[in-house]
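Given next are the chains, with one letter for each unit.
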Amino acid sequence: MKIGITIVTHHKPFLIKSSLNSLSSQSFKNYDLNFIFIKGSGIKKTKTYRRFNLLASKLKNSRYQLSMDSKEVFNIIKNHKKTNKIHIYDNNQSLDSGAWIKYISKKTWNKYDYTFFLMEGFLFKNKYALEDAINFIKNKKPNMIML
């Protein structure tokens, strides 16, 4: 059984570091590790984003859902010993969901029997969590599971 793990990330080094530490502590190690890296801030200087940019400039201290990518995060995933491939997508103001749609549409995940789609900041409960999920998949053969 070929397993793929894909993690989306872009801006907080502590999120991806904690997730990679959790993943490396797992007893199950037989997987390909892929990353989706969201590049850019998402703020566009075009007519289609004019209204958004006006609102964003008025709300400088607000927490609107755009943030610049982190070169440190990119270096962490690029230099991670288990990294198989990094897929880079521009931030189009839809952040994670927009990147997932692009990735899923390319069907590069299709070469695996099962692919885990994870978000930066995930943590496994214990060192057998991934192994237990794999055993469940082997025994029950689900089309999809939600963790």
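Each remark here, short or long, concerns the structure printed above.
Since this is a predicted model, take the numbers as computed values, not measurements.

Caption draft 1: Layout of the overall build of the protein chain. Along the protein chain, the regular secondary structure elements total five helices and four strands. The contacts in the protein chain between residues at least 6 apart in sequence include a share of 78% that link residues at least 24 apart. Accessible surface, the protein chain as shown: approximately 9500 Å² in total, 53% of it carbon and sulfur.

Caption draft 2: Layout of the nonpolar core. Counting residues in each nonpolar core, the largest one holds 23 residues, and the members touching the most others are Ile 5, Ile 7, Leu 23 and Phe 116. Mapped by element, the contributors of at least two residues to this core are strand S1 (3-9), helix H1 (13-24), strand S2 (32-39), helix H3 (71-79), strand S4 (114-119) and helix H5 (129-140). A total of four residues in this core trace back to one element, the largest contributor, which is H5. Counting residues in hydrophobic clusters, the runner-up holds seven residues, among them Val 8, Ile 36, Ile 38 and Tyr 89.

Caption draft 3: Geometry of the pattern of salt bridges. Tallied over the full model, the rule gives two salt bridges. In this structure, the salt-bridge partner of Lys 2 is Asp 32, at a minimum N-O distance of 4.0 Å. Residue Lys 2 is found in the segment before S1, and its partner Asp 32 is found in strand S2; the two are separated by 30 residues along the sequence. Two residues, Glu 72 and Lys 17, come together in a salt bridge whose shortest N-O distance is 3.5 Å. Of the two residues, Glu 72 sits in helix H3 while Lys 17 sits in helix H1, which places them 55 residues apart along the sequence.

Caption draft 4: Region of interest: the packing of H1 against H3. Between H1 and H3, the shortest axis-to-axis distance is 9 Å and the interhelical angle comes to 20°. What the angle tells us is that H1 and H3 run roughly parallel. Where H1 approaches H3, its residues Pro 13, Ile 16, Lys 17 and Leu 20 are matched on the opposing element by Glu 72, Val 73, Ile 76 and Ile 77.

Caption draft 5: Highlighting the sheet that holds S4. Read across the sheet, four strands follow the order S3-S2-S1-S4 without closing on themselves; strand pairing throughout is parallel. The sheet is open, and its two edges are formed by strand S3 (83-90) and S4, each paired on a single side. Strand-to-strand twist across the sheet, computed as the mean angle between neighbouring axes with direction ignored, equals 20°. Of the pairings in the sheet, the one linking S1 to S4 comprises six bridges and is parallel in character. Bridged to Val 8 within S4 is Met 119. Packing of H1 onto the sheet brings it into contact with S1, S2 and S4, and relative to S1 it is tilted by some 165°. The strands that helix H4 (residues 95-106) touches are S1, S2, S3 and S4; relative to S3, the one it contacts most, it runs at about 120°.

Caption draft 6: Expanded view of H5. Its 12 residues place the ends of H5 16 Å apart at the C-alpha level, agreeing with the 16 Å of an ideal helix rising 1.5 Å per residue. Every buried residue of H5 is listed here: Leu 130, Ala 133, Ile 134 and Ile 137. For H5, the buried positions fall inside an angular range of 100° around the axis, keeping them on one side. Pointing more than 90 degrees away from the buried face of H5 are the exposed residues Asn 139 and Lys 140. At its buried positions, H5 is contacted by S1, H1 and S4.

Caption draft 7: Inspection of unusual backbone geometry at higher detail. In this model, Lys 107 sits at a positive phi of 60°, which is unusual for a non-glycine residue. Inspection of the secondary structure assignment puts Lys 107 in the loop between H4 and S4. Look at Lys 141: it is not a glycine, yet its phi comes out positive at around 50°. Tracing the backbone shows Lys 141 in the segment after H5.

About the cut-offs
Within each chain, residues carry numbers counting from 1 in the order of the written sequence. Local features in a predicted model are, by the rule used here, given only for residues with pLDDT of at least 70; side-chain atom pairs are given and counted only at 80 or more, and totals for whole chains, interfaces and linings are based on all residues. In computing side-chain values, all of the structure's heavy atoms are included and hydrogens and water are not. In this text, helices come from DSSP runs of H or I with a minimum length of four residues, and strands from runs of E with a minimum of two, each type numbered from the N-terminal end. Whether two residues touch is decided by their heavy atoms; if any such pair falls within 4.5 Å, the residues are in contact. Note on areas: Shrake-Rupley, 1.4 Å probe, and residue coverage restricted to the protein chains presented here. Take the buried Ala, Val, Leu, Ile, Met, Phe, Trp, Tyr and Cys residues and link them wherever side-chain atoms come within 4.5 Å; each set so joined is a nonpolar core. Think of it in three bands: residues with accessible area under 20% of the maximum for their type are buried, residues over 50% are exposed, and the middle band is partly exposed, with areas taken using a 1.4 Å probe on protein chains only. Salt bridge, as used here: a side-chain nitrogen of Lys or Arg that lies within 4 Å of a carboxyl oxygen of Asp or Glu. Axis angles are defined between N-to-C directions and span 0 to 180 degrees, where every axis is a line fitted to C-alpha atoms and, for a helix, only to the segment in contact. Any angle from 65 to 115 degrees is called roughly perpendicular, while one under 35 is roughly parallel, one over 145 is roughly antiparallel, and all others are oblique. Two strands are said to pair when DSSP picks up at least two bridges between them. To estimate the expected span of a helix, subtract one from its residue number and multiply by 1.5 Å. Here, the arc refers to the directions that run from the helix axis to the C-beta atoms.

Interpretation in functional terms is not warranted from these geometric data alone.
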